[in-house]
Each structure stands twice: as C-alpha cells, then as structure tokens.
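Working through the structure, step by step
Next come the chains, spelled out residue by residue.
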Amino acid sequence: MSKIAIAVEGVTVRFGDSVALRQVSLSIEPGELLLLLGPSGCGKSTLLRSIAGFVAPEAGRVLFDGADVTQVPPHQRQIGMVFQSFALFPHLSVGENVAFGLREQRRPTSEIQERVERALSDVKMGGFGARRVDQLSGGEQQRVALARALVTRPRCLLLDEPLSNLDAGLRHSMREEIRRVCKEHGLTTLYVTHDQKEALAIADRIAVMKAGRLEQLGSPWEVYRTPRSRNVATFLGETNLLEAKITALEGQTLRVKAGTLELAAEARPGLEVGQSVLLSIRPECLQLSDVRQSDAAFSAKTLKSSYLGEICEHELSCQGLSLRAYELNPQSPHAPPAGSELWVQVRRSDVVLLESEPTA
C-alpha cells in the first residue's frame, strides 16, 4: 500500500462564477483521522464531496493509494459516508438499513447477516437489528448510520458534520465513539466539522480552511499553539491580537513592542528587526498575580471580571491596550472589582508572531 491513502492535488471547484475550492492540495496517511475545520462556506464540504466523487473538479485530481480516481464514479470508489442528517430509510428496520449496501452488492444472505451483526456490535448497537428507526434516539440513529458506512468495509470513511444535529452531551460521547471505531478498524477518515472542540478532541491532524483555501495543516497542538494566520488564530479558540513591531533580536529571542508594551517572543525564520507583525496570545497564557513576580511582569487594570466556573474571565486595560485573560480554576468566588490592579506575565513561547496582513 502507498504511504499516502488519499491525495488531493491542486483541486479547484467552481459553481458558476463562485470559486468553492482554490488549488487545494493535501494528503491523508493510512489509518489517519483528518479533520477539515472552518466556518460555513469555506469549502470543506465541497472538498469532501470532491473526494467522494459527487463534485467534479475543474482542475486537479484525487488519488486513492496512488491511483487517480478523479473520473471514477462515487459507487466505484469504495467509500463509506456519514451525513449530518443520518440519511436512514424510515421504512426499513435498523438491520435492513445497515444491510442496504451489502444487498446492492448482492452478497449472500448468510454473509449479510453476519456482517450486519458485527457492524452493529462495533457501534454498541447489538440486538437492535429488528427495531424501527423511529424508535431510536438521535445518538442511536447516528450509530446506525456509522454501522451502515462500516459494513461494506470501505477503503476510507468520509463524515460530513455527523454530530451537528445532536445535543451537546451526545456530541461529546459520539465523537469519542467515532474515533474509537475508526482506530479499531484502521480506517482512513476525513471528517468535516465547524466545531473547534470536536476537532481538537479527536483529530490526528487538523486542516483549517478559509474561502476555498487550505490555510494550515498540522496536529491539534501545532494548529492551536502556533497558528500561522489571523484566521487560524481567531477561529480555533480565543486569542488576543495586537499590532506590534519587532525591535531587536537577542540570540533566539525577539523583542517586540505593541504600543508601549514590550514583550519577548521566540525567533523564527522570516521575521526581521523593524518588521510589523501581529502578536497573538491565548487568554489562558496570561498569568495573573496580585504581586509582581518577575521583572518581565507588567501591570494592568481590570475593566470587567466574570466568574464562569472553571475559569474567571478578565477584561484588562494595559498601557492603552485591551487584553482578555482567563484565570484557570479561580480560588475565590469573588471576582476583583473594576479598576483593580493585577500583574500580568506571559512566557516567551506563548507569544506567537504572525506576519501582518489585511483584516478583510
């Protein structure tokens, strides 16, 4: 088998005058769970449907295990798909729904029965084969949809917003279930979502998209901790974004200045002294204290504090700049009153520098 299970090379898709995908390229390794993440209309579902064969690209190609399948119809690509609507047949039983693809393949009855039972057992729905679909909860229906996709033993699994119609509690449990099933079966999986927590929780890698382009591809840690653009930094979690300028390079440390606030950041290729940059700091990376603990700490005043249980969210004013800080596991039930002075510190590794770019 090729080291690359799915490859997308320079795929462009247009719908009339609208460009849905702009020369998108990415690859998925065998058994990998890749999450496509982005806002509505960014092109992630179009990319998934291009891989499935439901959308024909204007340019570029799609390869499975090194073979070009761009012109191969969907039913010949050996894929399994799960949709947000579940797409179950209401007039068929659970077992009949799961068996549908096998019957289309004209498999022997004994084989169909055995594989349906195994697929339902894999998604913890054993014994539900005779139930009607309308007797199932939303989470159970999603498990049946997953079993139907697995039973044909696809070469890859494509999931399009599979949990968006479930409530928060079910989404949490089902996302773990999907990852378990995919890993147990060694399935190469492409999963479309707009839910950042969902992506961070289950992905091997995350591909962040915007306006038909792939902006960043990496592990959940890499994409969250070291975003490469304003869009990735702001879409994947919360962040403080400040206009800044690089003032000095001291070994592997860059000195940056946002207004009158001076901070240190780690040096990296492509950044030079005198360059204007965007400075990104996650709110949870700002460490707060009532007393100054080091020379690197700077003072700020609270504008507003909100106790939210696991965190206390502080809106701060610092040298004319507005910052948001999260105090994790607050030890007091009383948030500091507006105007209180706090000392703020941030590690050099938590200050991420992005090349300055237009806001539009």
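Computed from a predicted structure; not experimentally measured. (Residues numbered from 1 in each chain as written. Predicted model: local features only at pLDDT ≥ 70, side-chain atom pairs only at ≥ 80, totals over all residues. Heavy atoms only, no water.)

**Points about the packing of aromatic side chains**
Taken as a whole, this structure holds 1 aromatic pair when the rule is applied. Seen in terms of ring centroids, phenylalanine 89 and phenylalanine 100 are 4.8 Å apart; in terms of plane orientation they differ by 45°. Their pairing is tilted. With a gap of 11 residues between them, phenylalanine 89 in the loop between strand 6 (79–83) and helix 2 (94–104) and phenylalanine 100 in helix 2 connect regions that are remote in the sequence. The class of phenylalanine 89 is partly exposed, set by a relative accessible area of 26%. A relative accessible area of 36% means that phenylalanine 100 is categorised as partly exposed. Sitting above the plane of the tyrosine 224 ring, arginine 282 keeps its charged end 4.0 Å from the centroid. (Phe/Tyr/Trp six-rings, centres within 6.5 Å; stacked < 30°, edge-to-face > 60°. Helix = DSSP H or I, 4+ residues; strand = E, 2+ residues; numbered from the N terminus. Buried < 20%, exposed > 50% of the residue type's maximum accessible area, 1.4 Å probe, protein only. Lys NZ or Arg CZ within 6 Å of the ring centre and 35° of its normal.)

**Overview of the pairing of strand 11 (residues 240–250)**
Two elements, strand 11 and strand 14 (residues 276–281), share 6 bridges in a ladder whose sense is antiparallel. Looking at strand 14, one finds that alanine 244 is bridged to valine 277. Direction of pairing for strand 11 relative to strand 12 (residues 253–258): antiparallel, over a ladder of 5 bridges. Among the inter-strand pairings, leucine 249 is bridged to a residue of strand 12, identified as leucine 254. The antiparallel pairing of strand 11 with strand 12 creates a hairpin that spans 2 residues between the two strands, and glycine 251 there sits at a positive phi of about 65°. (Pairing = 2+ DSSP bridges.)

**Considerations on the pattern of salt bridges**
Where charged atoms from two side chains of opposite charge come close, those side chains can pair. Across all of its chains, the model carries 23 salt bridges by this definition. Arginine 115 is paired through a salt bridge with glutamate 111; the nearest N and O atoms lie 2.5 Å apart. In this pair, arginine 115 and glutamate 111 are both assigned in helix 3 (residues 109–122), 4 residues apart and thus about one turn of the helix distant. In this structure, arginine 132 engages aspartate 134 in a salt bridge whose closest nitrogen and oxygen atoms are separated by 3.0 Å. Take arginine 132: its relative accessible area is 46%, and that puts it in the partly exposed class. What you see here is one network of salt bridges that share partners, running through Lys124, Arg143, Glu177, Arg180 and Glu184. (Salt bridge = Lys/Arg side-chain N within 4 Å of Asp/Glu carboxyl O.)

**Some thoughts on helix 3**
Taking 1.5 Å as the rise per residue, helix 3 with 14 residues should run 20 Å; its terminal C-alpha atoms sit 20 Å apart, in good agreement. Listed as buried for helix 3 are Ile112, Arg115, Val116, Ala119, Leu120 and Asp122. Take helix 3 and look down its axis: the buried residues cluster within an arc of 155°, on one side only. Facing away from the buried side of helix 3 by more than 90 degrees, the exposed set consists of Ser110, Glu114 and Arg118. (Expected span 1.5 Å × (residues − 1). Arc of directions from axis to C-beta.)

**Thoughts on unusual backbone geometry**
The phi angle at glutamine 23 is positive, at roughly 50°, despite the residue not being glycine. Accessibility expressed as a relative area gives 63% for glutamine 23, which makes it exposed. Phi is positive for asparagine 329, close to 50°, though the residue is something other than glycine. Residue position: asparagine 329 is located in the loop between strand 18 (321–328) and strand 19 (341–345). Residue classification places asparagine 329 among the exposed residues on the basis of a relative accessible area of 55%.

**Quick look at the environment of serine 173**
Along the chain, serine 173 turns up in helix 5 (residues 168–185). A C-alpha to C-alpha distance of 25 Å links serine 173 and leucine 328, two positions 155 residues apart in sequence.

**Some thoughts on the environment of leucine 200**
Here leucine 200 is to be found in helix 6 (residues 196–202). Counting along the chain gives 24 residues from leucine 200 to tyrosine 224, while the straight-line C-alpha distance between them is 8.5 Å.

**A few points about the sheet that holds strand 1 (residues 6–15)**
The strand order 2-1-4-5 describes an open sheet built from 4 strands, whose pairing is antiparallel. The open sheet has two edge strands with one neighbour each: strand 2 (18–28) and strand 5 (67–68). Looking at chain direction, strand 4 (residues 59–64) and strand 5 are connected through 2 bridges and run antiparallel. Bridging across to strand 5, phenylalanine 64 finds its partner in alanine 67.

**Here we look at the side chain of histidine 314**
Topologically, histidine 314 is positioned in strand 17 (residues 311–318). Polar contacts involving the side chain of histidine 314 include one to the side chain of serine 305, which spans 2.8 Å. Beyond its immediate chain neighbours, meaning those up to four positions away, histidine 314 contacts Leu288, Lys304, Ser305, Leu323, Arg324, Ala325, Glu327 and Pro336. (Polar contact = N/O pair within 3.5 Å; in protein donor to acceptor, adjacent residues only side chain to side chain. Contact = heavy atoms within 4.5 Å.)

**Section: helix 5**
Across its 18 residues, helix 5 extends 26 Å between first and last C-alpha, which sits within 8% of the 26 Å expected from 1.5 Å per residue. All of the buried residues along helix 5 are Met174, Arg175, Glu177, Ile178, Val181 and Cys182. The inward-facing, buried residues of helix 5 contact helix 3, helix 4 (138–150), strand 7 (156–160), strand 8 (188–193) and helix 6. Count one or two residues on from helix 5 and you reach glycine 186, which has phi positive near 65°.

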